[in-house]
Amino acid sequence: MPIVESNKVTDSNAATAPTPSAAVLVLEDGRMFRGRSYGAQGTALGEAVFATGMTGYQETITDPSYARQLVVQTAPHIGNTGVNSEDAESRRIWVAGYIVRDAARRPSNWRSERSLDEELVEQGIVGIQGVDTRAITRHLREHKTMRAGIFSGEAAQATDKELLNAVLASAPMEGAALAEEVSIDEAYVVEPKDHGWEGEPRFSIAAVDLGIKAMTPVRFAERGVRVHVLPATSTLEDVNAVKPDGFFMSNGPGDPATADHQVSLLRSVLDEKLPYFGICFGNQILGRALGFGTYKLRYGHRGINQPVMDRRTGKVEITSQNHGFAVDAPLNGSTVAPEERFGRVEVSHVSLNDDVVEGLACLDIPAFSVQYHPEAAAGPHDAAYLFDRFIDLMADTKSKATGANSTDSKTEDTK
């Protein structure tokens, strides 16, 4: 029996979800979990990962960082509040497939516009329900994240060997360049006045979309920062064209080892001493720009309850995270970056679960980054201060530049 092409909907004109059929989740090590179809029916291939958030499933599936991944929700009940047009974090669902235990039969919430099941069908996302997500999560924790496939409808009728072969033939996450796939094609601007800010913008930044979530530029705009969101392929000329006071790189999917263009762009920005702030993928790119390596985590950090310590303040914050790669940098004390022209750098934040690098701070140039989501959609707001820290960095850099220019003018006057 041939394998049906990934993410093909059985009936693209159906207004409601099709009657559930037999479905199976196949992991690349041969482990199989049988359940019922959820959403579209067909085949979904990708990397199986688990997300530990108890809330925010709509924000999760519309997070571009989940591109080409089959997401296992560890929370047992999914879909209770339906979906709506306001809570999506991007223009579409990005998960390659969706794995849940108990899918809601019907949503019950005053903001619900349609069921999650219907939304998955509408966007052609193949899922599976009725499986033991705790067992799947334990398996991935013990054996690492791995390639997998969800098969339902006609596709599920293939033999176990055919299903496994389809999984083994799929592309791994290592070496995957996905930021350009999820990024925008044309730049746009998010204005402070559209998000409650009164008066003129305080600053303007260039934000490179590597898979940016909608709430990130909103958090800047709420603080009076105009955000020019640029495509992942943007050049230094594109950045300078908007005359920014700061530069930002967003979260995004894929292997940071493939992001040579973005690394080169960031090095050019750092050479110009433009203040920089990066989150998630943007943290990994800063690490690479400074000369450090990156590596794949065994099962990653995904969910809205990840504990991180800010070493500068000693404060522990609960954070929202979604990453499978990390920066390989010295954990203790400051060190001169392998790219020596950028001076000293230190690990500013660290995971309290496994000592993974969760943030970098440059000591001789205006740049820092974190490996998590301070915009917290969904998630806790412990890390919201990072937006204010970046604004302070831009203000300080601008003040120093103004002072230096004033000194230069006085020097010229005395000549």
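Residues numbered from 1 in each chain as written. Predicted model: local features only at pLDDT ≥ 70, side-chain atom pairs only at ≥ 80, totals over all residues. Heavy atoms only, no water.

Draft legend 1. Representation of the environment of G130 in the model. Mapped onto the secondary structure, G130 falls in the loop between β8 (126-129) and α3 (133-143). You can call G130 partly exposed: its relative accessible area is 38%. Residues G130 and P76 lie 54 residues apart in sequence; the distance between their C-alpha atoms is 9.7 Å. In contact with G130, other than residues within four places in its own chain, are R34, G35, R36, V100 and R101. (Helix = DSSP H or I, 4+ residues; strand = E, 2+ residues; numbered from the N terminus. Buried < 20%, exposed > 50% of the residue type's maximum accessible area, 1.4 Å probe, protein only. Contact = heavy atoms within 4.5 Å.)

Draft legend 2. Quick peek at the sheet that holds strand β4 (residues 69-73). Strands sit in the order β1-β2-β8-β6-β4-β3-β9 around a closed barrel of 7 strands; the barrel is mixed. Within this sheet the neighbouring strands show an average axis-to-axis angle of 35°, counted without direction. The pairing of strand β6 (residues 97-99) with β8 spans 3 bridges and is parallel. Residue pairing in the sheet places G97 in a bridge with V126 of β8. (Pairing = 2+ DSSP bridges. Axes fitted to C-alpha atoms, helices over the stretch in contact; angles between N-to-C directions.)

Draft legend 3. Representation of the side chain of T319 in the model. Summarising the element assignment, T319 is placed in strand β16 (residues 315-328). The class for T319 is buried, based on a relative accessible area of 1%. Separated by 3.0 Å, the side chains of T319 and Q321 make a polar contact. In contact with T319, not counting residues within four places along its chain, are G303, I304, N305, Q306, V308, Y372 and P380. (Polar contact = N/O pair within 3.5 Å; in protein donor to acceptor, adjacent residues only side chain to side chain.)

Draft legend 4. Highlighting the packing of aromatic side chains. All chains considered together, the criterion is met by 11 aromatic pairs. Measuring from ring centre to ring centre gives 6.1 Å for F220 and F390, while their planes differ by 70°; the resulting arrangement is edge-to-face. Here the residue F220 occupies a position in helix α6 (residues 215-222), and F390 occupies one in helix α10 (residues 385-414), the gap between them amounting to 170 residues. The class of F220 is buried, set by a relative accessible area of 1%. Overall, the relative accessible area of 0% leaves F390 in the buried class. Stacked on the ring of W94, the Lys or Arg R92 has its end atom at 4.0 Å from the ring centre. (Phe/Tyr/Trp six-rings, centres within 6.5 Å; stacked < 30°, edge-to-face > 60°. Lys NZ or Arg CZ within 6 Å of the ring centre and 35° of its normal.)

Draft legend 5. How the structure looks around the environment of V189. Within the secondary structure, V189 is located in strand β10 (residues 188-190). A residue is classified by how much of its surface remains accessible, and V189, at 41% relative accessible area, is partly exposed. Taking the C-alpha atoms as reference points, V189 and G246, 57 residues apart in sequence, are found 15 Å from one another. The residues touching V189, leaving out its near neighbours within four places in the chain, are R226, V227 and H228.

Draft legend 6. Seen up close, the pairing of β16. Burial analysis of β16 places 10 of its 14 residues in the buried class, the great majority of the element. As judged from the 12 bridges shared by strand β15 (residues 293-310) and β16, these two strands associate in the antiparallel manner. Residue pairing across strands places K296 opposite F325, the latter belonging to β16. Following β15, the chain reverses through 4 residues before pairing antiparallel with β16; G314 in that reversal takes a positive phi of roughly 80°.

Draft legend 7. Focus on α3. Inspection of α3 places T133, I136, T137, H139 and L140 among the buried residues, and these make up the whole buried set. Down the axis of α3, the smallest arc covering the buried residues is 160°, so these residues share one side. The exposed set on the far side of α3, more than 90 degrees from its buried face, consists of R134 and R138. Of the residues flanking the start of α3, the one acting as N-cap is D132, its side-chain oxygen 3.1 Å from the backbone nitrogen of R134. Note on α3: the residue one or two positions beyond its end, K144, has a positive phi of about 85°. (Arc of directions from axis to C-beta.)

Draft legend 8. Structural detail: the side chain of T133. Looking at where T133 falls in the secondary structure, it is placed in helix α3. The class for T133 is buried, based on a relative accessible area of 1%.

Draft legend 9. Representation of the packing of helix α8 (residues 260-271) against helix α9 (residues 281-289) within the structure. Close contact between α8 and α9 brings their axes to 9 Å; oriented N to C, the two are set at 70°. Judged by the angle between their axes, α8 and α9 are roughly perpendicular. Touching D260, Q262, V263, L266, R267 and L270 of α8 are I285, L286, R288 and A289, all from α9. Taken together, the residues of the contact of α8 with α9 sort by class into 6 nonpolar, 1 polar and 3 charged. (Parallel < 35°, antiparallel > 145°, perpendicular 65-115°, else oblique. Nonpolar A, V, L, I, M, F, W, Y, C, P; charged D, E, K, R; others polar.)

Draft legend 10. Summary view of the pattern of salt bridges. Summed over the entire model, instances satisfying the criterion amount to 23 salt bridges. Here E375 makes a salt bridge to K213, at a shortest N to O gap of 3.1 Å. A residue pair is termed long-range when its members are at least 10 positions apart, and E375 in the loop between β20 (367-370) and α10 and K213 in the loop between β11 (203-208) and α6 qualify at 162 residues. One exposure class covers both E375 and K213, and it is buried. Across the salt bridge formed by E222 and R219, the nearest N and O atoms sit 3.4 Å from each other. Residue E222 and its partner R219 are located together in helix α6, separated by 3 residues, close to a single helical turn. Given a relative accessible area of 33%, E222 falls into the partly exposed group. On the basis of relative accessible area, R219 is assigned to the buried category, the value being 15%. Ionic contacts of the salt-bridge type, sharing partners, join the residues R267, D271, E339 and R341 into one network. (Salt bridge = Lys/Arg side-chain N within 4 Å of Asp/Glu carboxyl O.)

Draft legend 11. Expanded view of the pairing of strand β18 (residues 344-351). Counting buried positions over the 8 residues of β18 gives 6, a clear majority of the element. Here β15 runs beside β18; their pairing, made up of 3 bridges, is antiparallel. The residue bridging M309 from the neighbouring strand is V350, located in β18. As paired elements, strand β17 (residues 334-336) and β18 share 3 bridges and run antiparallel to each other.

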